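Listed here are the chains, written in short residue letters.
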Amino acid sequence: MSLATKYDPTEIEDKWYKYWMDHKFFASKPDKNKEPYTIVIPPPNVTGQLHMGHMLNNTIQDVLIRRARMQGKEACWVPGTDHASIATEAKVVNLLKEKGIKKSDISREEFMKHAWEWKEKYGGIILQQLKKLGASCDWDRERFTMEEDLSAAVIEVFVDLYKKGYIYRGIRMVNWDPEGKTALADDEVIFKEVNSKLYHIKYQIEGTQDYLVIATTRPETIMADAAICINPNDARFKHLKGKRAIIPLINKSIPIVEDEYVDMEFGTGCLKVTPAHDINDYEIGLRHQLPVIDIINDNGTLNEKAQILIGEDRFIARKKIAKLLKAEDLLEKEEDYTSNVGHSERTNAVIEPKLSMQWFVKMEELVKPAYENVMNDNIQLIPSKFKNTYKHWMENVRDWCISRQLWWGQQIPAYHLPNGEFVVAKTDEEALALAKEKMGDNSLTLQDLKQDEDVLDTWFSSWLWPMSVFDGFKNPENEDFKYYYPTNDLVTGPDILFFWVARMAIAGYEYTGKKPFNNVYLTGIVRDTQGRKMSKQLGNSPDPLDLIKNHGADGVRAGLLLSSAAGNDLLFDVKLCEQGWNFGNKIWNAFRLVKGWEIVDTDTPVASQKAQEWFKARFEQTIIEIEDHFSKFRISDALMTTYKLIWDDFCALYLELVKPAYGAPIDRKSYEATIGFFEDILKILHPFMPFLTEELWHQIKERKTEDSLIISSWPESQPFDENIVKEAQVAFEVITQIRNIRASKGISPKEALKLYVKTDNQAVYEKYISFIHKLANLESLEFTDNKIDNALSFLIKSDECFIPMVGNIDIEKEKAELQKELDYTKGFLNSVTKKLSNERFVSNAPDQVVAMEKQKQADAEAKIKTLEESLASLG
RNA sequence: GGGGAUAUAGCUCAGUUGGUUUAGAGCACCUGCCUUACAAGCAGGGGGUCGUAGGUUCGAAUCCUACUAUCCCCA
């Protein structure tokens, strides 16, 4: 069979993914004889499309899971999605709008029916996309946070936390999204710099003809003002103390209060206090017992409490108020001003701070085990720098607002009673029983109970994920849960360290007494080459599926991993994927070379024999390095080490050493050794580039299903002789030097050269003479005690090598090069000597260090001697 | 305003508890090669004094302090 000169991943990738699926290689079930290795996927938003962040994060998970599988562990990667209340509801509302249906015109039940239909039809595309990437998830275990069992777990936890006193209702200032008509968590608010205006408005001081001036960006809220506030230390406003001011347009009298919160430098130094519409004002209001006047409806329009402009949108009202004030000469001036304004992550609406009744989880007590067990490394964060951030958050944890004014989600299992009280229960029946008890009224019926309208925050589902995917609530004694939980590694972005990771740890300890995972690997954020976050608005994100189409999933995976150290942001460049593909192509062609050889039963050439010994040792040495990288989650380094082993050691050196002359056959022993090495490198590369490696694995020979690479065994490190690697290195250095001479003198590789070596250690050279012959094209290698005239020379440590030249040698140039080398070495010797002549160094530094310095000194002195002799001989 | 992180070659990053060279890698760059696996390749090469200024130490890219710059989180 002939192979194309260029690797084409398209068909190969689909073929092998199907093959793995058909043979259930991703599937996992508890096996007492094997060690479990479990990862739960960070459930992507069910409305989501694969983006670069997912690609990175899932590639890492797949690398970990594939390696564990090959190590003989029972590898289980659970996939799934979360129901994303806000995003999904927005999608469904839009879809209904297109059909001419308003959400407000249909019942909750009808809406849910539409939402589920939407989910079945359009949801979870992202999981299909993950398959293109090669993700080896156990798809039979796919879960969804709104499915029956997982919802039951959410309700159970709510009721339980309520009973334990961790859940309460309270009025709070929340981030209100007037478009989505829901409260948002702080992290769902994006602050953007917005150009706005600072309006300077005159308020008459009651009982006088004088005015005070306040500066505000929100003149439409003046009707909700409860006071004017000044700093008690502000000498300018002594005359205002104890007075009252009149709100313009509605002529309402409000007190002037004093509070040190007011920044004397900012604006006019007079602050209007609007407790209902600003979090800071709310707090001032509490301190001064000011009334709260809420003038804005849920949809962002003014309500009747505003007295004027009722029904107008807040932004239109702003303009109209400005106009009205101007008309009455109460607008002193407008100045341009940029301010940070919160926007809804989902709807992009400007956030309205709003007081409302919400449900909260009391965090302070609940958080303790999750806090301690990260601090003591029971749960490890990788990289560990995130421990600081985690600590800071945990120590300043705030109560968690878990209610959302939406329908898509688990409806809060609280039932309001006619008298305004409420009960919390898992079912209607239990609620009714509780209500009867509470009210002492047996005649109550379900009709008297009204279930809370709100649903729970999506995070309130996903914080249970590592437990609920294994049915840890429904049936805590089940085999899966006992076997797979706690999970091993969690891979996610640092942006959800608090919203998700910390909360999972909290829930894990609360409900199982155990950590939900051992290690949390925090990936970097994928940015564009200019360092900007990838976003739809900027349009700076490449389409992941296009990337896969153009560079192959293997190429993209390798490209993403090549420069993404844990926790460091990755500046994504398509060039990385090209590099990934190049690498795949390199291996493909290496295979073409080997596959093309004709095999005969002849003796093994010395070079080939030695090359096998050498590569074996080099491989073992590298495996240790790779294991070390993996143990520290240095995935990028593990790949780079593999990359260099394959490209530099295997292709550039080993294959060149065993490669027979063109058209000549290869001896059977060398061929078989080479195939063995090839299999080993395919194994260690498989977690990174699964498709190409599986393809070549089967190209090597016909294999049974159970001999597939994906389930083959990971190479274990074997003892090896370090001296082989070290001594061969001398030969490789000689080769490089000779090639250097060829390059700089324009000598063709075809022209064989003579090499003379002046050394005290002939044995090392003799051992690997065959390497030098083959890779540097030597006519002969001889040892000498004297300098060789009319030759170019170079140094290997203090050994001197000579290549006789037929033509003239540019003596001046040679001298200059030698002089440069000499200067450097002298400088180096100088620094070493200085160290050694320092008595305090010699007496304080460890013996080993001193010995090393002495060795350096001796080497440098020998080298200098040789260099000086060479210079002298050149005249 | 508070907290945290980072600053090493043109770019992206290593540098593992301070001592294997006057600092490494990949990519990019330069030179020469269509050498019979691969020109998306091969061979060779140049390039940084480790953000700035101090300090600790026999010894600092590594520890401390200040400053500067950038980024993130919280308010």
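Residues numbered from 1 in each chain as written. Chains lettered and ligands numbered in written order. Predicted model: local features only at pLDDT ≥ 70, side-chain atom pairs only at ≥ 80, totals over all residues. Heavy atoms only, no water.

Here we take up the sheet that holds strand 23 (residues 517–522). The three strands are arranged 15-23-22 in an open sheet whose pairing can be described as parallel. At either end of the open sheet lies a strand with only one pairing partner, and these are strand 15 (380–382) and strand 22 (487–492). For this sheet the average axis-to-axis angle between neighbouring strands, irrespective of direction, equals 20°. (Pairing = 2+ DSSP bridges. Helix = DSSP H or I, 4+ residues; strand = E, 2+ residues; numbered from the N terminus. Axes fitted to C-alpha atoms, helices over the stretch in contact; angles between N-to-C directions.)

Moving on, we come to the protein's contact with RNA strand B. Close to RNA strand B lie 47 residues, the nearest being Arg398, Asn568, Tyr662, Gly827 and Phe828. Here Trp647 contributes a side-chain N or O atom positioned 2.7 Å from a phosphate oxygen of RNA strand B. Contributing elements (two or more residues each) for the surface near RNA strand B: helix 10 (386–395), helix 17 (574–595), helix 19 (635–658), helix 22 (722–745), helix 25 (811–837), helix 26 (839–844) and helix 27 (847–873). The greatest single-element share of the surface near RNA strand B, amounting to nine residues, is contributed by helix 17. Here the residues of the surface near RNA strand B are counted per class, giving 18 nonpolar, 14 polar and 15 charged. (Near = heavy atom within 4 Å. Polar contact = N/O pair within 3.5 Å; in protein donor to acceptor, adjacent residues only side chain to side chain. Nonpolar A, V, L, I, M, F, W, Y, C, P; charged D, E, K, R; others polar.)

Taken as a whole, this structure holds 44 aromatic pairs when the rule is applied. Measuring from centroid to centroid gives 5.3 Å for Phe615 and Phe650, while their planes differ by 55°, and the two rings are tilted. One end of the pair, Phe615, is in helix 18 (residues 606–631); the other, Phe650, is in helix 19, with 35 residues separating them in the sequence. Ring centres of Phe615 and Tyr654 lie 5.3 Å apart, and the angle between their planes is 45°; this geometry places the pair in the tilted category. Separated by 39 residues along the polypeptide, Phe615 in helix 18 and Tyr654 in helix 19 bring together distant segments of the chain. Residue Phe615 shares its accessibility class with Tyr654, and that shared class is buried. Note that Arg503 overlies the ring of Trp400, its terminal NZ or CZ placed 3.9 Å from the centroid. (Phe/Tyr/Trp six-rings, centres within 6.5 Å; stacked < 30°, edge-to-face > 60°. Buried < 20%, exposed > 50% of the residue type's maximum accessible area, 1.4 Å probe, protein only. Lys NZ or Arg CZ within 6 Å of the ring centre and 35° of its normal.)

This part takes up the sheet that holds strand 14 (residues 352–361). The sheet built from four strands is open, its strands ordered 6-5-14-16 with antiparallel pairing. For this open sheet the edge positions go to strand 6 (182–184) and strand 16 (400–401), each flanked by a neighbour on one side alone. As paired strands, strand 5 (residues 167–177) and strand 14 are joined by ten bridges and run antiparallel to one another. Within the sheet, the bridge partner assigned to Ile167 lies in strand 14 and is Val361.

For the pair helix 22 and helix 24 (residues 769–776), the least separation of the axes is 9 Å and the interaxial angle reads 25°. The angle between the axes of helix 22 and helix 24 places the two elements in the roughly parallel class. Read as a crossing pair, helix 22 and helix 24 show a hand that is right-handed. Every residue of helix 24 that contacts helix 22 at Ala728, Ala731, Phe732, Val734, Ile735, Ile738, Arg739 and Arg742 is listed here: Phe771, Ile772, Leu775 and Ala776. Its residues assigned to classes, the contact of helix 22 with helix 24 comprises ten nonpolar, no polar and two charged. (Parallel < 35°, antiparallel > 145°, perpendicular 65-115°, else oblique. Left-handed = near helix turned anticlockwise from the far one by under 90°. Contact = heavy atoms within 4.5 Å.)

Ranked by internal contacts, the top residues of the largest apolar core, which has 191 residues, are Phe460, Phe678 and Leu755. Those residues in contact with Phe460 that lie beyond four places of it in its chain are Val154, Val157, Phe158, Leu161, Ile167, Val361, Trp400 and Ile402. The next biggest cluster of nonpolar side chains, apart from the first, holds 32 residues, and it includes Ala224, Phe237, Ile247 and Leu249. (Core = buried A, V, L, I, M, F, W, Y, C linked by side-chain atoms within 4.5 Å.)

This paragraph deals with the domain arrangement of chain A. How big an interface is tends to be stated in terms of accessible area lost as the parts join. Under the domain assignment, chain A is made up of domain 1 (182–353) and domain 2 (544–720). Placing the centre of domain 1 and that of domain 2 at their C-alpha centroids yields a distance of 67 Å. (Domains from an automatic or database assignment.)

This part takes up the side chain of Glu13. You can see Glu13 is positioned in helix 1 (residues 9–22). Comment: no salt bridge for buried Glu13; closest opposite-charge side chain is Lys132, at 7.7 Å. A polar contact is formed between the side chain of Glu13 and the backbone nitrogen of Ala553, at a distance of 2.8 Å. Beyond its immediate stretch of four places on either side in the chain, Glu13 contacts Ile548, Gly552, Ala553, Asp554 and Phe691. (Lys, Arg positive; Asp, Glu negative; His and termini not counted. Salt bridge = Lys/Arg side-chain N within 4 Å of Asp/Glu carboxyl O.)

Moving on to the pairing of strand 5. Sheet topology note: the strand 5/strand 6 ladder contains three bridges and is antiparallel. Counted as the bridge partner of Asp177 is Thr182 from strand 6. If you look at the hairpin formed by strand 5 and strand 6, you'll find four residues sitting between the two strands, and Lys181 has a positive phi there, around 50°.

Here the idea is simple: oppositely charged side chains can pair when their charged atoms come close. Counted by the stated rule, this structure contains 52 salt bridges. Where Lys24 meets Asp140, a salt bridge forms, and the shortest distance between an N and an O atom there is 3.3 Å. A residue pair is termed long-range when its members are at least 10 positions apart, and Lys24 in the loop between helix 1 and strand 1 (36–40) and Asp140 in the loop between helix 5 (125–133) and strand 4 (143–144) qualify at 116 residues. Of the two residues, Lys24 and Asp140, both sit in the exposed class. Among the charged side chains, a network of salt bridges with common partners joins Arg143, Glu147, Asp149, Asp471 and Lys474.

As a further point, take the UniProt feature "short sequence motif: 'HIGH' region" (unreviewed entry) in chain A. When the UniProt feature table is mapped to this numbering, "short sequence motif: 'HIGH' region" (unreviewed entry) covers residues 44–54. This span, residues 44–54, is 27% helix and 0% strand, and a straight line between its end C-alpha atoms measures 8 Å. (UniProt positions renumbered as here; feature names shortened; annotations may be inferred.)

Turning to unusual backbone geometry, a few remarks are in order. The amide bond that connects Ile382 to the next residue, Pro383, takes the cis arrangement and shows omega of 0°. Assignment of secondary structure puts Pro383 in the loop between strand 15 and helix 10. For the peptide bond that leads from Tyr485 to Pro486, omega is 0°, which places it in the cis range. Within the element layout of this structure, Pro486 appears in the loop between helix 14 (479–484) and strand 22. The phi angle at Leu249 is positive, at roughly 70°, despite the residue not being glycine.

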